[in-house]
Amino acid sequence: MAATTRTRPRNPLGHRVVTTTLVTALAGLGLMTPAAGATETVRDPLRQQADAIQRTGTVGVVARSAGPHGSRYATAGVADQRTGRAVHPRDKFRIASATKTFVSTVVLQLVGEGRLSLDDTVEALLPGVVTGNGNDGSRITVRQLLNHTSGLFNYTADFPAFTDAAAFRAGRFDTWTDSRLVAIAMRHAPNFEPGTRWEYSNTNYTLAGMIIEKTTGHSWQREVTRRIIRPLDLRDTSAPVTHPAIPGRHLRGYSAFGGDRPIDVTLLNPSGAGAAGGMISTTADLTRFYSALMRGRLLAPAELTEMKTTVRAEELDVVWPGARYGLGLMRVDLTCGGSYYSHAGDIPGYMTRNGFSEDGRHAVVVGVTGDGSAPDLATMEVTNTLIDEQLCAAKPR
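Sequence positions are assigned chain by chain, starting from 1 and proceeding in written order. Only residues with pLDDT of at least 70 are given local features in this predicted model, and only at 80 or more are side-chain atom pairs given and counted; all residues enter the totals for whole chains, interfaces and linings. The side-chain values count all of the structure's non-hydrogen atoms but skip hydrogen atoms and water molecules.

Caption draft 1: Examining the packing of helix H6 (residues 178–186) against helix H7 (residues 202–216) more closely. Every angle, taken between N-to-C directions, lies between 0 and 180 degrees, and every axis is a line fitted to C-alpha atoms, over only the stretch in contact when it is a helix. Secondary structure elements are taken from DSSP: a helix is a run of H or I of four residues or more, a strand is a run of E of two residues or more, and numbering for both begins at the N terminus. Closest axis-to-axis distance for the H6/H7 pair is 10 Å, and the angle between their directions is 145°. As H6 runs across H7, the sense of the crossing is left-handed. In this structure, H6 contributes Asp178, Ser179, Leu181, Val182 and Ala185 to the contact, and H7 contributes Thr203, Thr206, Leu207 and Met210. Split by residue class, the contact of H6 with H7 holds five nonpolar, three polar and one charged. Helix crossings are classified by the rotation of the near helix relative to the far one: an anticlockwise turn of less than a right angle makes the crossing left-handed, while a clockwise turn makes it right-handed. In what follows, a contact means two residues having at least one pair of non-hydrogen atoms within 4.5 Å. Residues are grouped as follows: nonpolar covers Ala, Val, Leu, Ile, Met, Phe, Trp, Tyr, Cys and Pro; charged covers Asp, Glu, Lys and Arg; every other residue, Gly included, is treated as polar.

This is the structure in structure tokens:
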């Protein structure tokens, strides 16, 4: 097992690149569902896998594995360290960068409606927003925003409120506009020429949210709610604007920000994450969303094909070997052959991992709390193994 020495995270809303000596955060079957607290045998692989995740040092774990004949849950740990309340299968949690798939879906719906083109430039849609220090919105397309090939600096790499405990305490209730978040990125030169490389940047999806608003006259939160949350009846999913609390039953998040003493980070004004990672959901709602997406209920065939058109994402190989990234979707190889689609998410206190078959018939979603701003390699490895084994077990033999 790799050592678990940590460094300050660079991209708490997205994926993490891990080496064998350190973790650096980078800048989402067949049985009836048991009731909360129902007894499960220790031989149940899903329960064993959830317990294994919890033993890596996390606080709470909820896992859901679903297929055509029903779904199963497994939980481990506690939802609230102060009260000792056990994790409930329907607890809500911050989904961080899994938000990006919702945002990309809305953008692609607008493309399907003829209101946008993936080849439109950022400058044409948002004049004067991406400029200065070598940044040029006239050379960046909507497609390059959605598949992270724009080269734009990732604003969360210069956002202390997500990477430092003192800064988090001081700024957790601050409201951020999209323009201010993009302005942080514009203080930096681009990382590479547009279209020449892949590199994860939350700035891309902040701009995508702005494009949704410019095109529709409504915020990305309103459009995601109108176009996805309500039609799919995702009753436990929300896209808050500035409200810092997670409504209803939920998992509390804890983060040490790379230090030794975790603090409760549950309350957070989500505007600092915004379209890059500000949403809240549950394992059941995420299963319904991604399954509907894969089955073509949210996008026409042409737009779904665009979403699934991927580029290599070599940075992610140490966590997801052979990973490829499309338009708000990642494609990951299965150890048993084939692949699945996914979008991971990380934000202080919360880690989301998921996997979905291409036909949408099988889905696995895992929500983890603890040091979500810098989970160690063991946590990620065990969580990825859970997803891989559950999806492999569901494949026809």
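Caption draft 2: Quick look at the environment of Gly67. In this fold, Gly67 is placed in strand S3 (residues 60–67). Any residue under 20% of the maximum accessible area for its type is buried, any over 50% is exposed, and the rest in between are partly exposed; the area is computed with a 1.4 Å probe on protein chains only. Given the relative accessible area of 17%, Gly67 is considered buried. C-alpha of Gly67 to C-alpha of Thr287: the two residues are 220 residues apart in sequence and 10.0 Å apart in space.

Caption draft 3: Fine view of unusual backbone geometry. Here the phi dihedral of His148 falls at roughly 60°; this positive angle occurs in a residue that is not glycine. Mapped onto the fold, His148 is located in the loop between helix H4 (142–146) and helix H5 (165–171). Here His148 falls in the buried class, since its relative accessible area comes to 0%. Not every positive phi belongs to a glycine, and Asp233 is a case in point at roughly 55°. Note on placement: Asp233 falls in the loop between helix H8 (220–229) and strand S8 (254–255). For Asp233, a relative accessible area of 36% corresponds to the partly exposed category.

Caption draft 4: Quick peek at the packing of helix H2 (residues 99–112) against H8. With their axes 10 Å apart at the nearest point, H2 and H8 run at an angle of 80° to one another. With respect to each other, H2 and H8 are oriented roughly perpendicular. In contact with Thr99, Phe102, Val103, Thr105, Val106, Gln109 and Leu110 of H2, H8 contributes Trp220, Glu223, Val224, Arg227 and Ile228. When its residues are assigned to classes, the contact of H2 with H8 shows seven nonpolar, three polar and two charged. Note on angle classes: values under 35 degrees are labelled roughly parallel, values over 145 roughly antiparallel, values of 65 to 115 roughly perpendicular, and the remainder oblique.

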